[in-house]
Amino acid sequence: MWVFMERSLAMVWTFLLGGGLSLDFSVATTKTVPQSLRLLGCVFIPRSNVTCHWTPGDNQAMYYTLKAEKIPSSKSSTFICTTTGLSCTAGINGSGLRFTFCISVISHGMSGNISSKTRCQSARIEGKLAPASLNSVQQVDGSPHCLSVSWTSNVTHFPLSPSEIEAGQLDSQMKFTPEGEVNAQVRSVSVTGYTFQVCLFKPDTSYTLQIRNRYLGEVSPWSEWSNPFQGRTAEAAPSAAPALWREVGLIGRNGWRLISLLWKPLPRLLANGRVAFYNVTCRAENDLNLSDYGSCGKLQHESTSCSLPLPAGRCSCSLTASTSAGTSPVARIWISGSSEKEPPPPAELTATPLGDGSLVVRWRPPPDLSVSGFVVEWVAVREETSSVLHWEKLNSSSTKLIITEGVKTMERYAVSVKALYGEQGAGESLTLHVYTQQGTPSAGPDARVERISESSVELSWSPVPVERLHGFIRSYALFCTTRNQLEKSVTVPGHVHRYTLENMSPGIYDIFIRASTVAGTGPAGNPANVHIGSEEISIVICIIVPLLLISLVLILILLLAQRRVIKKKLCHGVPDPSNSTVSRWNPHTSFENTKLIMEQEKPEVSFPEVVGRRDLEWAHSYLPICKNQLYFDPQPSSFLAGASDRGYITNVTRTQSANDLSTRPYSYSTVLFNQFNQYLPSSPQAGQNPNICCSDIKQAADGSSESSVFPFTELEEQKAFAFFLERFKSLHSSPDFSSTPPSCASLPHQTDSPRLNSAYRKLPSDSFASTFPSLAFVDLSSSPVEFGPYISSDR
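All values derive from a computational prediction rather than experimental measurement.

Attention now moves to the overall build of the chain. Looking only at helices and strands, one finds nine helices and 42 strands in the chain. Within the chain, counting contacts between residues at least 6 apart in sequence, those at least 24 apart form 68% of the total. Surface summary for the chain: the accessible area is close to 43300 Å², and the carbon and sulfur share equals 54%.

An order of S1-S2-S5 is seen for the three strands of this open sheet, with the pairing classed as antiparallel. Pairing within the sheet leaves two strands with one partner each, and these edge strands are strand S1 (38-45) and strand S5 (87-91). Neighbouring strand axes in the sheet, compared pairwise and without regard to direction, differ in orientation by 20° on average. Two strands pair when backbone bridges link them, and strand S2 (residues 49-55) and S5 are joined in this way by five bridges, in the antiparallel orientation. Directly across from Cys52, in S5, lies its bridge partner Cys88.

A few words now on the confidence of the model for the chain. For the chain, per-residue confidence averages 74 on the pLDDT scale, and residues scoring 70 or more make up 64% of the total. Note that pLDDT drops below 50 for residues 12-17; the model gives that stretch zero contacts with residues more than four away or on any other chain. Considering only residues more than four positions removed or in separate chains, one finds that residues 734-795, a stretch of pLDDT under 50, has 137 contacts.

Now for the state of the cysteines. Across all of its chains, the model carries six disulfides by this definition. Here Cys146 pairs with Cys199 through a disulfide, and the sulfurs are 1.8 Å apart. Measuring handedness by torsion sign, the sulfur bridge of Cys146 and Cys199 sits at about 105° and is right-handed. Of the two residues, Cys146 sits in strand S10 (residues 143-152) while Cys199 sits in the loop between strand S13 (195-198) and strand S14 (206-215), which places them 53 residues apart along the sequence. In this model, Cys296 is linked to Cys306 through a disulfide, with the two sulfur atoms separated by 1.9 Å. A torsion of 95° about the S-S bond marks the disulfide between Cys296 and Cys306 as right-handed. Of the two residues, Cys296 sits in the loop between strand S18 (277-284) and strand S19 (299-300) while Cys306 sits in strand S20 (residues 305-311), which places them ten residues apart along the sequence. Overall, the relative accessible area of 2% leaves Cys296 in the buried class. In this model Cys315 remains outside any disulfide bridge; the closest cysteine sulfur is found in Cys317, 6.8 Å from its own.

Our focus in this paragraph is the sheet that holds strand S11 (residues 170-178). Pairing between the strands of a sheet comes from backbone hydrogen bonds, and it takes one of two forms, parallel or antiparallel. Strands sit in the order S12-S11-S14-S15 across an open sheet of four strands; the sheet is antiparallel. Edge strands, defined here as strands with exactly one partner in the open sheet, are strand S12 (185-189) and strand S15 (229-232). With strand direction ignored, the average angle separating the axes of adjacent strands in the sheet is 35°. For S14 and S15, the ladder comprises four bridges, and the chain directions are antiparallel. When the bridges of S15 are listed, Ser206 appears paired with Arg232.

Before going further, it helps to spend a moment on the pairing of S10. Within S10, seven of the ten residues are buried, which leaves it mostly tucked inside the rest of the structure. Here strand S9 (residues 133-140) pairs with S10 via seven bridges, running antiparallel. Residue Ser136 lies in a different strand from S10, and its bridge partner there is Ser150. Examined bridge by bridge, S10 and S13 share four bridges and lie antiparallel to one another. Residue pairing across strands places Ser150 opposite Thr195, the latter belonging to S13.

Another aspect to go through is the environment of Cys146. Assessed through its relative accessible area of 8%, Cys146 is described here as buried. For the pair formed by Cys146 and Val198, sequence separation is 52 residues and the distance between their alpha carbons is 5.5 Å. Setting aside its immediate chain neighbours within four residues, Cys146 contacts Gln139, Val140, Val198, Cys199, Phe201 and Thr233.

A full pass over the atoms with the stated rule returns 15 salt bridges. Two residues, Glu126 and Arg119, come together in a salt bridge whose shortest N-O distance is 2.9 Å. Note that Asp171 is salt-bridged to Arg214, the shortest N-O span being 3.6 Å. One end of the pair, Asp171, is in strand S11; the other, Arg214, is in strand S14, and 43 residues separate them in sequence. What you see here is one network of salt bridges that share partners, running through Glu179, Asp204, Arg232 and Arg268.

Ranked by size, the top nonpolar core spans 31 residues in total, and within it Trp245, Leu261, Trp263, Val280, Cys282 and Leu310 carry the most contacts. Looking at this core, the elements that each hand over two or more residues are strand S16 (244-251), strand S17 (256-263), S18, S20, strand S21 (315-322) and strand S22 (331-335). The residues touching Cys282, leaving out its near neighbours within four places in the chain, are Leu261, Leu290, Tyr293, Leu308, Leu310, Ser316 and Cys317. One finds Leu129, Ile165, Met174 and Val191 within the second-largest nonpolar core, a separate group that totals 22 residues.

Positive phi values are uncommon outside glycine, yet Asp204 reaches one of about 50°. Of note, Asp204 is situated in the loop between S13 and S14. Phi is positive for Asn272, which is not a glycine, with a value near 60°. Locating Asn272 in the fold gives a position in the loop between helix H3 (268-271) and S18.

With respect to the helices and strands, Thr481 occurs in strand S32 (residues 475-482). Residue Thr481 is classed as buried on the basis of its relative accessible area, which comes to 14%. Every residue in contact with Thr481, bar those within four places of it in the chain, is listed here: Leu486, Glu487, Ile508, Tyr509, Asp510 and Phe512.

Next up on the list: a nonpolar patch on the surface. A contiguous nonpolar surface patch, about 670 Å² in accessible area, is contributed by Val545, Leu549, Leu552, Ile555, Leu556, Leu559 and Leu560. Tracing the backbone through its elements, the reader meets Leu560 in helix H4 (residues 539-560). On the basis of relative accessibility, which here comes to 45%, the residue Leu560 falls in the partly exposed class.

Glancing now at the packing of aromatic side chains. Taken as a whole and judged by the stated rule, the model has twelve aromatic pairs. Each ring, one from Phe44 and one from Phe101, has its centre 5.1 Å from the other, and the planes form 40°; the classification is tilted. Remark: Phe101 occurs in strand S6 (residues 100-109) and Phe44 occurs in strand S1; sequence separation between them is 57 residues. For the pair Phe44 and Phe101, one class covers both residues: buried. The ring of Trp245 has Arg246 lying over it, and the distance from NZ or CZ to the ring centre is 4.5 Å. If you follow Lys264 out to its NZ or CZ, it ends over the ring of Trp391, 4.8 Å from the centre.

What follows covers the side chain of Ser107. With respect to the helices and strands, the residue Ser107 is situated in strand S6. For Ser107, a relative accessible area of 0% corresponds to the buried category. Once residues within four sequence positions are removed from consideration, Ser107 is found in contact with Leu37, Asn59, Ala61, Tyr63, Tyr64, Gly112, Asn113 and Ile114.

Attention now moves to the environment of Pro72. Mapped onto the secondary structure, Pro72 falls in the loop between strand S3 (61-71) and strand S4 (78-83). Residue classification places Pro72 among the exposed residues on the basis of a relative accessible area of 63%. Once the C-alpha coordinates of Pro72 and Thr100 are considered, the two residues, 28 residues apart in sequence, prove to be 8.0 Å apart.

Locating Val140 in the fold gives a position in strand S9. What makes Val140 buried here is its relative accessible area of 13%. With 93 residues separating them along the chain, Val140 and Thr233 place their C-alpha atoms 7.3 Å apart. Sequence-distant contacts of Val140, that is, excluding residues within four places in its chain, are made with Cys146, Leu147, Ser148, Gln197 and Ala234.

About the thresholds
Residues numbered from 1 in each chain as written. Predicted model: local features only at pLDDT ≥ 70, side-chain atom pairs only at ≥ 80, totals over all residues. Heavy atoms only, no water. Helix = DSSP H or I, 4+ residues; strand = E, 2+ residues; numbered from the N terminus. Contact = heavy atoms within 4.5 Å. Areas by Shrake-Rupley, 256 points an atom, 1.4 Å probe, with all protein chains shown as cover. Pairing = 2+ DSSP bridges. Axes fitted to C-alpha atoms, helices over the stretch in contact; angles between N-to-C directions. pLDDT = per-residue confidence, 0-100. Disulfide = S-S within 2.5 Å. Buried < 20%, exposed > 50% of the residue type's maximum accessible area, 1.4 Å probe, protein only. Salt bridge = Lys/Arg side-chain N within 4 Å of Asp/Glu carboxyl O. Core = buried A, V, L, I, M, F, W, Y, C linked by side-chain atoms within 4.5 Å. Patch = residues over 30% accessible without salt bridge, like charges linked within 9 Å, V, L, I, M, F, W, Y side chains within 5 Å. Phe/Tyr/Trp six-rings, centres within 6.5 Å; stacked < 30°, edge-to-face > 60°. Lys NZ or Arg CZ within 6 Å of the ring centre and 35° of its normal.

So this is what it looks like as structure tokens:
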């Protein structure tokens, strides 16, 4: 037992002893090696100073001393500086970089001074070269990616000779910034002289350049950047073809179509210069010669579209852009024939707003078909103004496009996608309408009344113009008010544009409509005024009927406004003496040399008279035959001795003499005999009863009595009076004249002429009683008669 215990204790002690020995060995092997003072590097500024950096090591230094000794040595060849830091700058008293310097650092501590290893080398190995000065930057003809750079240096401060530069002992870098950009690029360049070429640039691009240099390898520090200088590269031929698209118009009468070609200007990076012109070439499938290129014949650099007629068959058009350096690759598009069936559209299309001014459009290509690309079109939907078509052409792998060009809030856009099938042309389009952001309508629809029945009103309305909708219409709200009080309101879906309001009570209503979108309800449109009564008469009819009646009244007044029309309507029963037989009676007379009598036309004649006209050379008065109205009925054929003899019913004006033609108005009319027939007329025939009237002479308006126009001799007066007596005897024997009522009879009175009165007294006392037992008269004193002026037949 004890033996076992002793063995166990021995093993424990052995284990503990081994552990202690291993611990001591481990501690002895992890002890650190002391670090020494070490010089890291220096930078020489030509003819100025040297700055060096070092690490302190394990020595606890109080301060450091930098010692730079120029070789070969001289009294003033050692340059010293002290510092408590880890770097120090010592002046080199205008020494150049072609000298060799031996540099060391001394650490001063409590335990003594420790010095670093001394390093001796040429100063230009660590020398910082003076910055270069750029003089010019020029483009290189035939090399649009290159620029030629010229520079100079300060020979006093620059330690390299031209031969050393040509030998490649100079490292250089160039910093350049393209025009319009902020971030600069830095590239290493090979400088083998004071003029060198750099081919790092894009054609027809302006750059701002700077360079810096260093000697040999990475040990040397870089110089400061040179002064900036601008230069522009030369133009090159466009590196890509323009994006080309088309719009197909309707077929004209000649079977040709108007095709509009659209293209996008090349981006600046692809144009490689200023595009001078575009060139369009089209070819028909049957090699038909196209002589009319429309507006595509001569295109300027600013053109982005043109139109030309093409046949209805399949065609192809190509477009190239040209700069001063060359022509771009060809862009080609195929247009399928008008009678060909278009290939299918994409399988699916969605458009989602991303914000106020962008949309993301996604689609799936048509299944089991190979496509060469896609075209996305979008255009603002407008009714009152025109809009611009926007489009983008994409490759066959594209299935998404983010639209930002020409997109505004609260405006509807039609977005469509077409698949391209190579030479087969474009397929059918898949289209949808979308808003980036919806708003409330800015106008409401106008209500129209279609029909009014007993208690219902049928209304209709037209959609609000799409520019004023600002969103998709979800519903319409119909409001019916009377006396500014809401009577009824109805909401109908957005696709409904006709509705009938029923169970309407009699009254006058104002009906208006409002449109609503997801953003809210817009204002009301123009209301419709409706009157529902016992007769169901619309307010519109009540306005139209009075207007028609007023129009008819105005037309009647206009028709009756003319004086002749009124007289004809009101006095159509009064006979016109100018149309009687007497107006055409012109008996022969023995008088000669008749002359013109100026006569005043009167619109109305009160008292027609029958007188004889005598020659004015010896006739100065006329003979009044009777005081009252005397009518007799001669036969026109018996009175007319010749075709040229006729009587006149006219207005007579008073004359001063036979040669004086001045006129004065009178208020009477006379029937004048142009000539007296020397032979007595025969008795009138039965049934013919033309009337001739004589009346008193009225006094003129100025109160003066009218003198006789025709003075007669005593013999002539007796002959004239006997002539009238014979005529009245024949009238008395006429059966028609005797039937005249006696109440109209009137006997002649004595005249003012003494000669005529004497002739009157010489007649038998029963002459008038036997001659005029019963005379029939028709009173024409109030008949309006108008007559024209008398013109003498001998003129």
